[in-house]
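# What the coordinates show
Next come the chains, spelled out residue by residue.
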Amino acid sequence: MEKLEMKKSLVALAALAVVGVASAQSSVTIFGIVDAAYAHTSGGGISRDGITNSGLNSSRLGFRGTEDLGGGMKAGFHLEGQLANDNGTPGGLNFLRRSFVSLTGGFGEVRIGREYSPSFWNTTIYDPFGTNGIGQSNGLAMLAQGGLAGNAGPVRNDNSVSYLMAASGVTVHAMYAFGEKASNVDDNSGDYLGVRVAYAAGPLDVGVSFANQKGLTGPVDVSITNLGVSYDLGMAKPMFQWGREKNNSVKISNWLLGVTVPVGQGEIRAAYSRYDASVANKDWNKLAVGYGYNLSKRTQLYGTLARVSNQSAQAMTVSNNGLAGSVSLGGKSSGYEFGVRHSF
């Protein structure tokens, strides 16, 4: 009887040991950013004041995890939702920022779900303001931002399959996203195909991206091309980007020259960008300057100033999350915001 009980105990201990090993091979992390700012925008003699979110980094709440499958393979997931901490909307937790499952091994990484498009990612990392707040480049989704006809390049793609690999400083991100339309209704409308190839070594970082977005509402395809480069000099990090989006009838291109400069416990950010449209008098430009002061590794105080100038048929404004100044055609718009960003 005692031997039988001893065997049961040993079996139980062995089972617990197996569970312990399995637990040690898995990990889940909760992470997020809460960013809020006071903002003022103006144009055409009208101004607006309010509290915004995501002035420096997009507010978010997320969960990510990995499991070691053995043999050099890992399974993982990434669920990341946007937060509107200025007013608490949208109601309920969503995962509209990123939501995918992945497999990683010697072959690289495969992600399935909702993820950043390669063409967007190649703009945001070469923007001193990270395509956030009133200082951001309007280069993403330029056809829509410029008020021109046609669909625009996506920031993120639903229903996508991505392949990523990195070797000797070279990274590749290829993506195909399904529009999920019936074959007897549309010809692959909504589908996206894109690739980004980048090289980073020491202070140099350069990337190029090509993509095609099938028409979301009709037979209008958008081709997207952009490139960017940055070089860290230590005392300053200049960066440059160029992009172009075009469809069957219109085209818009942009370039941006920016810099970040470490100063004390923070950095200065500045960028000048120019947008040229194939539609007459639809061009505009933007100038933005900002400074961030690090209270700690996770908390930063920041301030940004921005100004937009339009040609006679354009009415772009300085804005952040819907808080935009009014502006008439050919007018100017300006704004500033001061806020705090905390990450965890």
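All of the points below concern the structure found in this document. Here the residue numbering is sequential within each chain, running from 1 through the sequence in written order. For a predicted model such as this one, the threshold for reporting local features is a pLDDT of at least 70, and the threshold for listing and counting side-chain atom pairs is 80 or more; totals across whole chains, interfaces and linings nevertheless cover every residue. For side-chain calculations, the full set of non-hydrogen atoms in the structure is used, while hydrogens and water are omitted.

### A word on the overall build of the chain
Short version of the rule: Put simply, DSSP marks the helices as runs of H or I at least four residues long and the strands as runs of E at least two long, and each gets a number from the N terminus on. Burial classes follow relative accessibility: with a 1.4 Å probe on protein chains only, a residue under 20% of its type's maximum area counts as buried, one over 50% as exposed, and anything between as partly exposed.
Along the chain, the regular secondary structure elements total three helices and 19 strands. Per-residue burial for the chain yields a buried fraction of 42% across its 344 residues.

### Focus: unusual backbone geometry
Notably, Asn-159 is not glycine yet its phi reads approximately 50 degrees, a positive angle. Of the residues examined, Asn-159 reaches a relative accessible area of 36% and is grouped as partly exposed. One non-glycine residue, Asn-281, lies in positive phi territory at about 60 degrees. Position of Asn-281 among the secondary structure elements: in the loop between β14 (266–277) and β15 (284–294).

### Quick notes on the environment of Met-175
Cut-off, in case you're wondering: By definition, residues are in contact when any of their heavy atoms lie within 4.5 Å.
Positionally, Met-175 belongs in strand β8 (residues 170–177). Taking the relative accessible area as the measure of exposure, Met-175 reaches 2% and is therefore buried. Taking C-alpha positions, Met-175 is 9.1 Å from Ala-211, a pair spaced 36 residues apart along the chain. Apart from the residues lying within four places of it in its own chain, the contact partners of Met-175 are Glu-115, Tyr-116, Ser-117, Pro-118, Asn-157, Ser-160, Val-161, Ser-162, Tyr-192, Leu-193 and Gly-194.

### What about the pairing of strand β13 (residues 251–263)?
Put simply, the test is: When DSSP finds two or more bridges between two strands, those strands count as paired.
The sheet contact formed by strand β12 (residues 237–246) and β13 spans ten bridges and is antiparallel. Following the sheet pairing, Met-239 is matched in β13 by Gly-258. Where β12 hands over to β13, the hairpin turn is made up of four residues, counted between the paired strands. Bridging between β13 and β14 involves twelve bridges; their strand directions are antiparallel. Paired with Gly-258 across the bridge in β14 is Ala-271.

### So, the side chain of Ser-102
Here Ser-102 shows up in strand β5 (residues 98–105). Leave out the neighbours within four places in its chain, and Ser-102 touches Lys-74, Ala-75, Gly-76, Phe-77, Glu-109, Val-110 and Arg-111.

### Topic: the nonpolar core
Cut-off, in case you're wondering: In this text, buried Ala, Val, Leu, Ile, Met, Phe, Trp, Tyr and Cys residues form a nonpolar core when linked through side-chain atoms within 4.5 Å.
Leu-143, Leu-148, Ile-252 and Trp-284 are the most contacted members of the largest nonpolar core, which has 24 residues in total. Residue assignment for this core shows that the elements contributing at least two residues are α3 (142–145), β8, β11 (222–231), β13, β14, β15 and β16 (299–310). A per-element tally of this core places β14 first, with three residues. Residues contacting Leu-148, with those up to four places away along its chain left out, are Leu-143, Val-250, Lys-251, Ile-252, Ala-277, Val-279 and Lys-282.

### What about the pattern of salt bridges?
Oppositely charged side chains may form a pair once their charged atoms are brought near each other. For clarity, the threshold we go by: Salt bridges are defined as contacts in which a side-chain nitrogen from Lys or Arg sits within 4 Å of a carboxyl oxygen from Asp or Glu.
In total, this model carries ten salt bridges according to the counting rule given. For Asp-276, the salt bridge identified is with Arg-274, shortest N-O distance 3.1 Å. What makes Asp-276 partly exposed here is its relative accessible area of 28%. A cluster of three or more residues bridged by salt bridges with shared partners is formed by Arg-98, Glu-109, Arg-111 and Glu-115.

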